[in-house]
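Here are the chains, one letter per residue:
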Amino acid sequence: MFDRRKIRYTYLKLSKRIKDFLLSDKSREFLIFLFFFLIAGGFWLLQTLNNDYEAEFSIPVRMKDIPNNVVLTSEPPSELRIRVKDKGTVLLNYMLGKSFFPINLGFLEYKGKDNHVKIYASDFEKKILSQLNVSSKILSIKPDTLEYIYSEGKSKLVPVRFQGKVTAGLQYYVSDTICNPDSVLVYAPEGILDTIKTAYTQNIILENISDTTRRRIPLISERGVKFVPSSVEMTFPVDIYTEKTVEVPLHGVNFPADKALRTFPSKVQITFQVGLKRFRSIKASDFIIHISYEELLKLGSDKYTVKLKSFPSGINQIRIVPEQVDFLIEQITSNGD
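Residues numbered from 1 in each chain as written. Predicted model: local features only at pLDDT ≥ 70, side-chain atom pairs only at ≥ 80, totals over all residues. Heavy atoms only, no water.

A word on the overall build of the protein chain
Then step 1. Check the secondary structure of the protein chain and you find six helices and 25 strands.
Then step 2. Here the protein chain holds 337 residues, and the buried ones make up 30% of them.
Then step 3. Long-range contacts, defined here as pairs at least 24 residues apart, represent 75% of the contacts in the protein chain between residues at least 6 apart.
Then step 4. Surface accessibility of the protein chain: about 22700 Å² in total, with carbon and sulfur atoms responsible for 54%. (Helix = DSSP H or I, 4+ residues; strand = E, 2+ residues; numbered from the N terminus. Buried < 20%, exposed > 50% of the residue type's maximum accessible area, 1.4 Å probe, protein only. Contact = heavy atoms within 4.5 Å. Areas by Shrake-Rupley, 256 points an atom, 1.4 Å probe, with all protein chains shown as cover.)

As structure tokens, this is what we get:
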């Protein structure tokens, strides 16, 4: 436990020392000096900021109203670098508080020869000046020309194919791969359009997922090609494995009319792993075990290794008990004999 009296005594003693220091002649002289120093520093800063200076700023560039059938094969720069001259106070305001709006270039507003558009600085300088103080002067704009090349292509619908690797964690599995949309429009010059059969996603890797996962994935596009939309949403449903056992009878096939198959036992147990969502839907009738007469004749023993002729898709870790059964080919006697 802390001694309250000792803490109080220490606090009072420290307070008295601080008070004595602040009321002393040396302290009073120091505070007066500091006061006048701050005033002088403020006047010096104001005087300094009142001079003219130069500074460089960045303004974003945006293309808008681009038709779907237009593909920009060479895009304009994403920003302009402008050099401005003005008083220090104005430039400081630009640096600390001013947010420049993007220079929007309307696609339909500009025309070019052979689909090659050039926009000179004089065309967008007014848009820049409207965001600056009246006293500000633009010294330079880089680049001084915005240019881009585009092509007007035809379109067609192509399927989307996922590229990548998706794995589930222990005791889980990815039950499906769902793409939305599963087809996209592709715009390109006719010569290129004929060669495009499929839109492929960018390659992604997801490992050890244990819950349904969704990802927005961009499509891979080459120069002169435009996909609409340019990305798709991939969904990877995840299910958990569980174990199930069913009893399946053994059936003989291709036996002569006077012969019949007897197996011991007549049924086997099949144990397998299946997703929890499909647990109830899978039944014993989904498994078929056929034992052909010709196969038994070729055996050199009275034991048969059980084989599945067909089973449901999407199951794994299949085990058959017993793996071998005894069999007997029985002669059927007619009533007339």
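Considerations on the environment of Asn-68
Then step 1. One can find Asn-68 in the loop between strand S1 (52–64) and strand S2 (70–74).
Then step 2. Between the C-alpha atoms of Asn-68 and Ser-155, which are 87 residues apart in sequence, the distance is 9.3 Å.
Then step 3. With residues up to four places along the chain from it excluded, the contact list for Asn-68 reads Tyr-187, Lys-226 and Val-228.

Description of the side chain of Thr-235
Then step 1. Checked against the element boundaries, Thr-235 lands in strand S17 (residues 231–236).
Then step 2. Thr-235 has contacts with Asp-176, Thr-177, Ile-178, Thr-212, Thr-213 and Arg-214, leaving out every residue within four places of it along the chain.

What about unusual backbone geometry?
Then step 1. Here the residue pair Phe-264 and Pro-265 is connected by a cis peptide bond, since its omega of 0 degrees sits within 30 degrees of zero.
Then step 2. The omega torsion across Val-321 and Pro-322 is -5 degrees, close enough to zero to call that bond cis.
Then step 3. Mapped onto the fold, Pro-322 is located in the loop between strand S24 (316–321) and strand S25 (324–331).
Then step 4. If you check the backbone angles, Asp-65 has positive phi at about 60 degrees while not being a glycine.
Then step 5. With respect to the element layout, Asp-65 can be found in the loop between S1 and S2.
Then step 6. Notably, Asn-254 is not glycine yet its phi reads approximately 65 degrees, a positive angle.
Then step 7. Classification of Asn-254 by relative accessible area gives exposed; the value is 56%.

Regarding the sheet that holds S1
Then step 1. A sheet is described by the order of its strands in space; here four strands give the open sequence S4-S1-S3-S6, paired in mixed fashion. Either end of the sheet is taken by a strand with one partner, and the two such strands are strand S4 (103–106) and strand S6 (137–142). The mean inter-strand angle of the sheet, taken between neighbouring strand axes irrespective of direction, is 30 degrees.
Then step 2. The sheet contact formed by S1 and strand S3 (residues 79–87) spans nine bridges and is antiparallel. Bridge pairing in S3 places Tyr-53 opposite Asp-86.
Then step 3. Helix H3 (residues 88–96) rests against S1 and S3 of the sheet, and its axis sits at about 150 degrees to S3.
Then step 4. Here helix H4 (residues 121–129) sits on the sheet and contacts S1, S3, S4 and S6; the angle it forms with S6, its principal contact strand, is near 130 degrees. (Pairing = 2+ DSSP bridges. Axes fitted to C-alpha atoms, helices over the stretch in contact; angles between N-to-C directions.)

Just distances and angles here, no functional claims.
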